[in-house]
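Letter by letter, the chains look like this.
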Amino acid sequence: MLLLSGPNMGGNELKYVSECIETGWVSSVGAYVDKFEKLSAEFTGTKYAVATSSGTTALHTCLVMLGVNANDYVIAPNITFIATCNSIKYTGAGLILMDADEQNWQMDLNLLEEFLENETEQKKGACHLKKDGKRIPVIMPVHVLGNMCDMDRLMALAQKHNLVVLEDSTEALGSYYKGKHAGSFGIMGTFSYNGNKIITTGGGGMIITNDEPLAKKAKHLTTQAKSDPFEYIHDEIGYNYRLVNVAAAMGVAQMEQLPGFLKRKKEIIEFYKNELNGIGDITWQEVSNDVNPNWWLPTLKTSKQREVLKLLNDAKMQSRPFWVPMNQLRMFKDELYYHKTNRSDFIYNHCLSIPCSTNISQAQLKAVADKIKEAY
Ligand SMILES: *Cc1c(COP(=O)(O)O)cnc(C)c1O
């Protein structure tokens, strides 16, 4: 099976992991955790980075720190991976799901603006939903597939309506808007190192921020909120959300290769575009000139989505439909969904992601493109 987006362990992974095993530094503290955090802060141009056990736990930690609770709503896109919404629901807050932009598949900012202007009001410097008076403290944009929306406009809207921006930038390591790294726009940003992401630690995550108290608090909360180096004194209910040193060792080796991975992802999308542009009704996610995306998962839009998916998967070339929109999942069917024409559903029914591991060969890329052409 040719994987959709598999791990590429071609660097110092084995060397660094072996070192952890040989020295016994495999668990919750160790030099690689510190090093991975430092490299992540440097790479993204933020002051602080705190490693976590996953992207989901990174998001949950951020929401807890922002005080989100059961009396609140959080605005999130309707097209995203489930972890965005799960992390919000862990706090008890309700979802306000925003439909997607037809072209770039990110949260639709026209719709967002209309929603904020018409459906919300300011009370004591905080945004509230008019309908039931509940607070909306946070908006969580997701940089879907490593692409980004008009961040200037999003940040201005958030500021005008007193919303704190927490970026689900888990798919966007190596993506930039006007030269500024994804995850560094909001109060905090997050990354995921799950097996199919652009770099992987098997499983893991990261919080980035320029805010020192938040960074300290994140470290504290994700390590059981222990407040004394000797005694088991814990000053609040914390979490065991830390990344272990042996995983961080992989992370350091992966960070060393990240520039090469990004270069390869660009070659892959360019290859596919050259091969497939003009074939049937195939189009791609629109990327604005202000965005330099990481091209994590090449995803095409076509009315023959189901045929292409079947052809590829039957040929053992792993390809996937887009996520089922959040409002269609049984747990979230009663959450608020703001839309006009339900574009999420259209995108879900027309898009598919195609094989793009950074270690895929040119011959394999060509075989995937040829297989897709068969559908037309
Ligand atoms: C991968 C991902 C996450 C976090 O995933 P983990 O598997 O918990 O690391 C969160 N949000 C989005 C949009 C993702 O793609």
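Here the structure is a predicted model, which is why all the values come from computation and not from measurement.

(A) Just the overall build of the chain, in detail. Per the secondary structure count, the chain includes eleven helices and 17 strands. Over its C-alpha trace the chain gives a radius of gyration of 21 Å, about what one expects of a compact globule, namely 21 Å for 376 residues. Counting only C-alpha atoms and orienting by the principal axes, one finds that the chain spans roughly 65 × 60 × 35 Å. Expressed as a percentage of its 376 residues, the buried residues of the chain come to 55%. Long-range pairs, those at least 24 residues apart, make up 71% of the contacts in the chain between residues at least 6 apart in sequence. Carbon together with sulfur atoms contributes 52% to the accessible area of the chain, which is approximately 15,800 Å² in total. The average position of the 39 basic charges and that of the 42 acidic charges among the side chains of the chain differ by 2 Å.

(B) Expanded view of the layout of surface pockets. Approximately 430 Å³ is the volume found for the largest pocket. Along its surface, the largest pocket is lined by 27 residues, and Phe-81, Asn-196, Lys-197, Trp-296 and Trp-323 are the ones closest to its centre. Put simply, the parts of the chain that give the lining of the largest pocket at least two residues each are α3 (55–65), α4 (82–90) and β15 (320–321). Residue contributions to the lining of the largest pocket peak at three residues, all from α3. In this structure, the lining of the largest pocket is formed jointly by two domains, domain 1 (13–255) and domain 2 (258–373), each of which donates at least three residues.

(C) Main features of the environment of Lys-89. Among the structural elements, Lys-89 can be located in helix α4. For the pair Lys-89 and Tyr-73, spaced 16 residues apart in the sequence, the C-alpha separation amounts to 9.7 Å. Non-local contacts of Lys-89, meaning those with residues more than four positions away in its chain, are made with Gly-94, Leu-95, Phe-332 and Glu-335.

(D) A look at the nonpolar core. Among the nonpolar cores identified, the biggest contains 63 residues, and Phe-36, Tyr-272, Phe-322 and Ile-372 are the most heavily contacted of them. Of the residues forming this core, the biggest block, 15 residues, is contributed by helix α8 (residues 245–276). In terms of domain composition, this core takes at least three residues from each of domain 1 (13–255) and domain 2 (258–373). In this structure, Phe-322 is in contact with Ile-79, Trp-105, Val-144, Leu-145, Ile-347, Tyr-348 and Cys-351, ignoring residues within four places of it in sequence. Of all hydrophobic cores here, the second largest spans 28 residues; its members include Met-107, Met-148, Met-151 and Ala-172.

(E) Structural context of helix α7 (residues 212–222). Of the residues making up α7, those classed as buried are Leu-214, Ala-215, Ala-218, His-220, Leu-221 and Thr-222. Structurally, α7 contributes buried residues whose contacts are with β1 (48–52), α3, β10 (188–192) and β11 (205–209). The N-capping residue of α7, defined by a side-chain oxygen 2.9 Å from the backbone nitrogen of Leu-214, is Asp-211.

(F) Spatial organisation of the sheet that holds strand β17 (residues 351–353). Here four strands make up an open sheet; going across it, the order is β12-β14-β17-β15 and the pairing antiparallel. Each edge of the open sheet is held by one strand with a lone partner, namely β12 (283–284) and β15. Here strand β14 (residues 299–301) pairs with β17 via three bridges, running antiparallel. Along β17, the bridge assignment pairs Lys-301 with Cys-351. Relative to the sheet, helix α10 (residues 343–350) contacts β14 and β17, its axis offset from that of β17 by approximately 50°.

(G) Highlighting empty space enclosed by the protein. Within this structure, the stated rule accounts for two cavities of 30 Å³ or more. Space inside the largest cavity adds up to approximately 70 Å³. Along the wall of the largest cavity there are 14 residues; nearest its centre are Gly-6, Asn-8, Lys-197, Ile-198 and Thr-358. Class assignment for the residues of the lining of the largest cavity results in four nonpolar, eight polar and two charged. When we break the lining of the largest cavity down by domain, the ones giving at least three residues each are domain 1 (13–255) and domain 2 (258–373). Empty space within the second largest cavity amounts to approximately 30 Å³. Gln-106, Met-107, Pro-141, Val-142, His-143 and Cys-149 together form the lining of the second largest cavity. Here the lining of the second largest cavity is composed, by residue class, of four nonpolar, two polar and no charged.

The rules we used
Residues numbered from 1 in each chain as written. Predicted model: local features only at pLDDT ≥ 70, side-chain atom pairs only at ≥ 80, totals over all residues. Heavy atoms only, no water. Helix = DSSP H or I, 4+ residues; strand = E, 2+ residues; numbered from the N terminus. Rg over C-alpha atoms; globule rule 2.2 N^0.38 Å. Buried < 20%, exposed > 50% of the residue type's maximum accessible area, 1.4 Å probe, protein only. Contact = heavy atoms within 4.5 Å. Areas by Shrake-Rupley, 256 points an atom, 1.4 Å probe, with all protein chains shown as cover. Lys, Arg positive; Asp, Glu negative; His and termini not counted. Charge placed at Lys NZ, Arg CZ, Asp CG, Glu CD. 1 Å grid on protein atoms, 1.4 Å probe; cavity = no way out; pocket = protein on both sides within 12 Å on 5 of 7 lines; lining within 4 Å. Points joined across faces, edges and corners; volume = space filled by probe spheres on them. Domains from an automatic or database assignment. Core = buried A, V, L, I, M, F, W, Y, C linked by side-chain atoms within 4.5 Å. Polar contact = N/O pair within 3.5 Å; in protein donor to acceptor, adjacent residues only side chain to side chain. Pairing = 2+ DSSP bridges. Axes fitted to C-alpha atoms, helices over the stretch in contact; angles between N-to-C directions. Nonpolar A, V, L, I, M, F, W, Y, C, P; charged D, E, K, R; others polar.

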